[in-house]
Amino acid sequence: MTTRARSFDAAAASYAAHRPGYPPALLDAVEELAGRPLAGARVADVGAGTGIATALLHGRGAEVVAVEPGDGMAAQLRRAHPGIPVVRGDGDRLPLATGAFDLLTYAQAWHWTDPARSVPEARRVLRPGGALAIWWNDADLTVPWIAEQEARLAEFFGAAKGKGFRTLPRGLGGFTSRSVRWSRRIPLDAHLANLASHSAFLMLGEPGTRDYFAAERELLAPLFPDGTVEESYVVSLHVTRV
């Protein structure tokens, strides 16, 4: 898992350029379920990557610090968001003061942790009444072309693209969950680059994926004759207060 998680470092620029962000409705839901506004909240965004979620939290007025283990991802975050502090660490070893934070967020990142370590760490750094927010942004399988693409990916990798290891931690009380649907329109090239930035492809390497993306382009081009793809997503948000 560590090797796969660190595979993003070599593709940090592409990750930052092509990965989807998150809709305002997601941050609205975080505020509602955490029981407080983000403005003025002390927030640690753990596994921050290139800062996609970090920047949105900062934009809402949170006093946010990014926690990121990877050299390439941290460097990209610093370049793009020089005003946001970045500390090196991960969910299993948070370099943060005890009881100092109102909210911990894990955007696409909890599954890279060892819950036996990350749960006690979350408890340690959150103040009494603070909240832990975990979310994953997934392709909306109710859209036919997306479901067909996901089936091709599962066949290519011989598995369901690694979603099976996503589980919510025990020992932190009950989670309240919310689903947020949203979409974005991007060029076909950007859609394929987004796919290529996922860890399964990064681990496989460019020579092993060249033929896959050539075939994928052939299949998608007739569906989007103007060259613009509408990617549809479902964000699964889970929040608990400690």
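Residues numbered from 1 in each chain as written. Predicted model: local features only at pLDDT ≥ 70, side-chain atom pairs only at ≥ 80, totals over all residues. Heavy atoms only, no water.

The protein chain is annotated in an unreviewed UniProt entry as Class I SAM-dependent methyltransferase from Streptomyces erythrochromogenes. Listed under Sequence similarities (unreviewed entry) in UniProt, the entry text for the protein chain is "Belongs to the methyltransferase superfamily." (UniProt positions renumbered as here; feature names shortened; annotations may be inferred.)

1. So, unusual backbone geometry
Backbone geometry places Gln108, a non-glycine residue, at a positive phi of 60°. In this structure, Gln108 sits in the loop between strand 4 (101–107) and helix 6 (115–125). (Helix = DSSP H or I, 4+ residues; strand = E, 2+ residues; numbered from the N terminus.)

2. Quick notes on the pattern of salt bridges
All told, the structure shown has 14 salt bridges when counted by the stated rule. Between Arg36 and Asp102 there is a salt bridge, and its shortest N-O distance comes to 3.6 Å. Here the residue Arg36 occupies a position in the loop between helix 3 (24–34) and strand 1 (42–46), and Asp102 occupies one in strand 4, the gap between them amounting to 66 residues. With a relative accessible area of 10%, Asp102 lands in the buried category. Of the charged contacts in the structure, one is a salt bridge between Asp189 and Arg217, with a shortest N-O distance of 2.7 Å. Residue Asp189 is located in helix 8 (residues 188–196), and its partner Arg217 is located in helix 10 (residues 206–220); the two are separated by 28 residues in the primary sequence. Taking relative accessible area as the criterion, Asp189 reaches 49% and is therefore assigned partly exposed. Residue classification places Arg217 among the partly exposed residues on the basis of a relative accessible area of 36%. Within this structure, Asp28, Glu31 and Arg60 form a network of salt bridges that share partners. (Salt bridge = Lys/Arg side-chain N within 4 Å of Asp/Glu carboxyl O. Buried < 20%, exposed > 50% of the residue type's maximum accessible area, 1.4 Å probe, protein only.)

3. Comments concerning the packing of aromatic side chains
All told, the structure shown has 11 aromatic pairs when counted by the stated rule. For the pair Phe156 and Phe157, a centre-to-centre distance of 5.0 Å together with 85° between the ring planes defines the contact as edge-to-face. Given the relative accessible area of 34%, Phe156 is considered partly exposed. Ring geometry for Phe157 and Phe201: centres 4.9 Å apart, planes at 70°, overall edge-to-face. Linking Phe157 in helix 7 (residues 144–157) with Phe201 in helix 9 (residues 199–204), this pair joins segments that are 44 residues apart in sequence. On the basis of relative accessibility, which here comes to 5%, the residue Phe201 falls in the buried class. Grouped by ring-pair contacts, the aromatic residues Phe156, Phe157, Phe201, Tyr212 and Phe213 constitute a single cluster. Here the basic side chain of Arg42 rests over the ring of Phe101, its NZ or CZ set 5.1 Å away from the ring centre. (Phe/Tyr/Trp six-rings, centres within 6.5 Å; stacked < 30°, edge-to-face > 60°. Lys NZ or Arg CZ within 6 Å of the ring centre and 35° of its normal.)

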